[in-house]
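Listed below are the residues making up each chain.
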Amino acid sequence: MRLKFLAASLLFLSSSLPAVAHGLADTEIHTQQVAPGIAVLSGEGGNIAVSHGPDGTLLIDDEFAPLAGKVLAAVQALGAEPVRFLVNTHWHVDHAGGNEEMGKAGAIIFAQDNVRTRLERGGTVLGNVIAPTAHQGLPIVTFDKGISLHLNGDTIDIIPTVGGHTDGDSAVYWRKANVLHTGDLMMKGKGYPFIDVDSGATADHLITSLDQLIALSNPDTIIIPGHGPLATQAELIAWRGHVADAIATIGRMDAMGETIDAIKADPAVKSLDAPGGFFPVDLFIANVRKSGAAAHHH
């Protein structure tokens, strides 16, 4: 299952769009109401949040390019206006792949500065070359310190974190509705986190970012993780604990010269495992080691 998923995710991340379109042809977009005027759309790729109401429609993330039509249809089915604003939590194609279609449809795209830079020049994720994004798909509004949208009776804060998944991570928080979209800093029931070292992430930054999200939230916050079902602050705190323990354990065992098999067998590392998880443990360990090595060189 894991290998199958990895193969599928590699397929999605590769630029062979006909193959991708074929793989996503059967994808259905599921809609879940989270709070009045706020919904989550889940298909294949990252969870999309929708704020809709009298001031227009805001989308957080947009999944893979071939799903853009289905996503827009799901938005329409909510009785929502066409998408007016779009926020990218980071640059990966399972979250920002629909940008070009959304931009062409008139959406104004917001993202942290590094997201625009990476989308504009393209790059490599999991060994797959991601082509530069066309002009229409690039964020128009970029920020470094964060930005707030006053929309549909709520204040929606777009909060850049120090990164930990990529160097352009942002979380999105609805103050009144008390809803938090974490991007891929948190995934629920999907196994090991992806510290995308090639996209400027480090293990230390992941923990710091998770601390930022915990500080932002409270016990009643409805959390929309990057992937997986809705979560609570208690689950976010538990996730942060497991991630921090695993990272610390890898660092300690690495320094002692332990084998990769011994590291994989350690309970702190195994605690993050989940059936059908996205990323194999070897990749997680390699990225933690890489980001540690990078930190020592600076």
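One can find the structure itself at the top, above this paragraph.
What comes next is a walk through the structure. (Residues numbered from 1 in each chain as written. Predicted model: local features only at pLDDT ≥ 70, side-chain atom pairs only at ≥ 80, totals over all residues. Heavy atoms only, no water.)

Time to look at the sheet that holds strand 11 (residues 154–160). Strand order in the open sheet formed by five strands is 10-11-12-13-14, and the pairing between neighbours is mixed. Each edge of the open sheet carries a strand with a single partner, namely strand 10 (147–151) and strand 14 (222–224). Neighbouring strand axes in the sheet, compared pairwise and without regard to direction, differ in orientation by 15° on average. Examined bridge by bridge, strand 13 (residues 179–181) and strand 14 share three bridges and lie parallel to one another. Within strand 14, the residue paired with L180 across the bridge is I223. (Pairing = 2+ DSSP bridges. Helix = DSSP H or I, 4+ residues; strand = E, 2+ residues; numbered from the N terminus. Axes fitted to C-alpha atoms, helices over the stretch in contact; angles between N-to-C directions.)

Moving on, we come to the sheet that holds strand 2 (residues 38–42). Read across the sheet, seven strands follow the order 1-2-3-4-5-6-9 without closing on themselves; strand pairing throughout is mixed. The open sheet terminates on both sides in strands that have one partner only, identified here as strand 1 (30–35) and strand 9 (141–143). Strand-to-strand twist in this sheet, taken as the mean axis angle between neighbours without regard to direction, amounts to 20°. Bridge count between strand 2 and strand 3 (residues 48–51): four bridges; the pairing is antiparallel. Residue L41 lies in a different strand from strand 3, and its bridge partner there is I48. The sheet strands contacting helix 6 (residues 113–121) are strand 6 (108–112) and strand 9, and the helix crosses strand 6 at an angle near 110°. (Contact = heavy atoms within 4.5 Å.)

Note on placement: T161 falls in the loop between strand 11 and strand 12 (170–174). By relative accessible area, which is 10% here, T161 ends up buried. Engagement of the side chain of T161 in a polar contact is seen with the side chain of S209, the distance being 3.1 Å. The contact partners of T161, leaving out residues within four places of it in the chain, are D169, S170, A171, L185, S209, Q212 and L213. (Buried < 20%, exposed > 50% of the residue type's maximum accessible area, 1.4 Å probe, protein only. Polar contact = N/O pair within 3.5 Å; in protein donor to acceptor, adjacent residues only side chain to side chain.)

A separate point is the pattern of salt bridges. Inspection of the entire model under this criterion finds nine salt bridges. In this structure, E235 and K188 form a salt bridge, with 3.2 Å as the shortest nitrogen-oxygen distance. On the criterion of sequence distance, the pair formed by E235 in helix 8 (residues 233–255) and K188 in the loop between strand 13 and helix 7 (203–216) is long-range, its members being 47 residues apart. E235 gets classed as partly exposed once you look at its relative accessible area, which sits at 30%. (Salt bridge = Lys/Arg side-chain N within 4 Å of Asp/Glu carboxyl O.)

Under the counting rule described, the total for this entry stands at four aromatic pairs. Between F85 and F110, the ring centres sit 5.8 Å apart and the planes meet at 70°, which makes this aromatic pair edge-to-face. Here F110 lies in strand 6 and F85 lies in strand 5 (residues 83–87), a separation of 25 residues in the sequence. Note on accessibility: F85 and F110 belong to one class, buried. Following the ring pairs from residue to residue traces out a cluster consisting of F194, F278 and F279. (Phe/Tyr/Trp six-rings, centres within 6.5 Å; stacked < 30°, edge-to-face > 60°.)

Further remarks concern helix 6. Taken together, the buried positions of helix 6 are V115, R118 and L119. Relative to the axis of helix 6, the buried residues are bounded by an arc of 100° and lie together on one face. On the buried face of helix 6, the contacting elements are helix 4 (93–96), helix 5 (99–104) and strand 6. In this structure Q112 caps helix 6, since a side-chain oxygen of it lies 2.6 Å from the backbone nitrogen of N114. (Arc of directions from axis to C-beta.)

Bringing the pairing of strand 10 into the picture now. Here five bridges tie strand 10 to strand 11, and the two strands are oriented antiparallel to one another. Across the sheet, the residue bridging to I147 is I158, located in strand 11. With antiparallel pairing between neighbouring strands as the criterion, strand 10 and strand 11 make up a hairpin whose turn holds two residues, including N152 at a positive phi of roughly 50°.

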